[in-house]
Amino acid sequence: MLGLRGRWREPVILDADPADHGAIAKLHASSFTRGWGAVEIARLAAEESVTVLIARRPASKGAPPLGFNIIRQTAFDAEILSVAVDPRSRKHGVGGLLMREAIRRLQHDRVGELFLEVDASNTAATTLYRKLGFTEVGQRKGYYDGGIGHALVMRLDLAGGR
């Protein structure tokens, strides 16, 4: 995200508001075989245990988000329900920013572990998750692409020896 005079301006990570749900749904639909609609996003966002984060260019309130991260949390653990970055914003660190903010918030809330499922063929995502400290704890065969692809189940210890 280049700002004035060509300087890099890191996106900001914010809580999504209802006005963002339609744009999140469009981004979800463009990123996954079965996209979630705005109504599904709104229902999730209304749950007390769910947080929806978005990445946005600084000072661009009305612009579509660059990416999103939907997290469900309990007192003991949390799960990334869905995370995606607009294809035009990939390879610029947006996914990492979204994940690090989720991790920071969960650690602040003293949540012990974070889980996610990722398409085993998504090398960019699995590389990012491993860099963040996630480890593979299982697989779900036939989870993606109509039963052809499989998901890796990954876990991150957030307690850090507490």
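Before any of the text, the structure's been laid out above.
Here the structure is a predicted model, which means the values were calculated and not measured.

1. So, the pattern of salt bridges
All told, the structure shown has ten salt bridges when counted by the stated rule. Residues joined in a network through salt bridges with shared partners are Asp15, Glu101, Arg104 and Arg105.

2. Focus on unusual backbone geometry
We note that lysine 91 has phi near 70°; this positive angle belongs to a residue other than glycine. Along the chain, lysine 91 falls in the loop between β4 (77-85) and α3 (94-108). Phi is positive for arginine 110, close to 60°, though the residue is something other than glycine. Within the secondary structure, arginine 110 is located in the loop between α3 and β5 (113-119).

3. Here's the deal with the nonpolar core
Leu114, Leu116, Tyr129 and Phe134 are the most contacted members of the largest nonpolar core, which has 28 residues in total. Elements with a minimum of two residues in this core: β2 (50-56), β4, α3, β5, α4 (123-131) and β7 (149-157). Looking at which element gives the most residues to this core, the answer is α3, with seven residues. Other than its neighbours up to four places away in sequence, leucine 114 contacts Ala78, Glu79, Ile80, Ile103, Leu106, Phe134, Met154, Arg155, Leu156 and Leu158. Core analysis: the second largest hydrophobic core is formed by eleven residues, Ala25, Leu27, Leu44 and Val50 among them.

4. Some details on the environment of aspartate 109
Tracing the chain through its elements places aspartate 109 in the loop between α3 and β5. Aspartate 109 gets classed as partly exposed once you look at its relative accessible area, which sits at 41%. C-alpha of aspartate 109 to C-alpha of phenylalanine 76: the two residues are 33 residues apart in sequence and 9.5 Å apart in space.

5. Brief notes about the packing of helix α1 (residues 21-31) against helix α2 (residues 38-46)
Two packed helices can be described by the angle between their axes and the distance between those axes. Two elements in contact, α1 and α2, have axes whose closest approach is 8 Å; the angle formed by their N-to-C orientations is 115°. Here α1 runs over α2; the crossing is right-handed. On α2, the residues that touch His21, Gly22, Ile24 and Ala25 of α1 are Ala38, Ile41, Ala42 and Ala45. Each residue belonging to the contact of α1 with α2 can be placed in one class, and the counts come to six nonpolar, two polar and no charged.

Here is what the cut-offs are and how they apply
Residues numbered from 1 in each chain as written. Predicted model: local features only at pLDDT ≥ 70, side-chain atom pairs only at ≥ 80, totals over all residues. Heavy atoms only, no water. Salt bridge = Lys/Arg side-chain N within 4 Å of Asp/Glu carboxyl O. Helix = DSSP H or I, 4+ residues; strand = E, 2+ residues; numbered from the N terminus. Core = buried A, V, L, I, M, F, W, Y, C linked by side-chain atoms within 4.5 Å. Buried < 20%, exposed > 50% of the residue type's maximum accessible area, 1.4 Å probe, protein only. Contact = heavy atoms within 4.5 Å. Axes fitted to C-alpha atoms, helices over the stretch in contact; angles between N-to-C directions. Left-handed = near helix turned anticlockwise from the far one by under 90°. Nonpolar A, V, L, I, M, F, W, Y, C, P; charged D, E, K, R; others polar.

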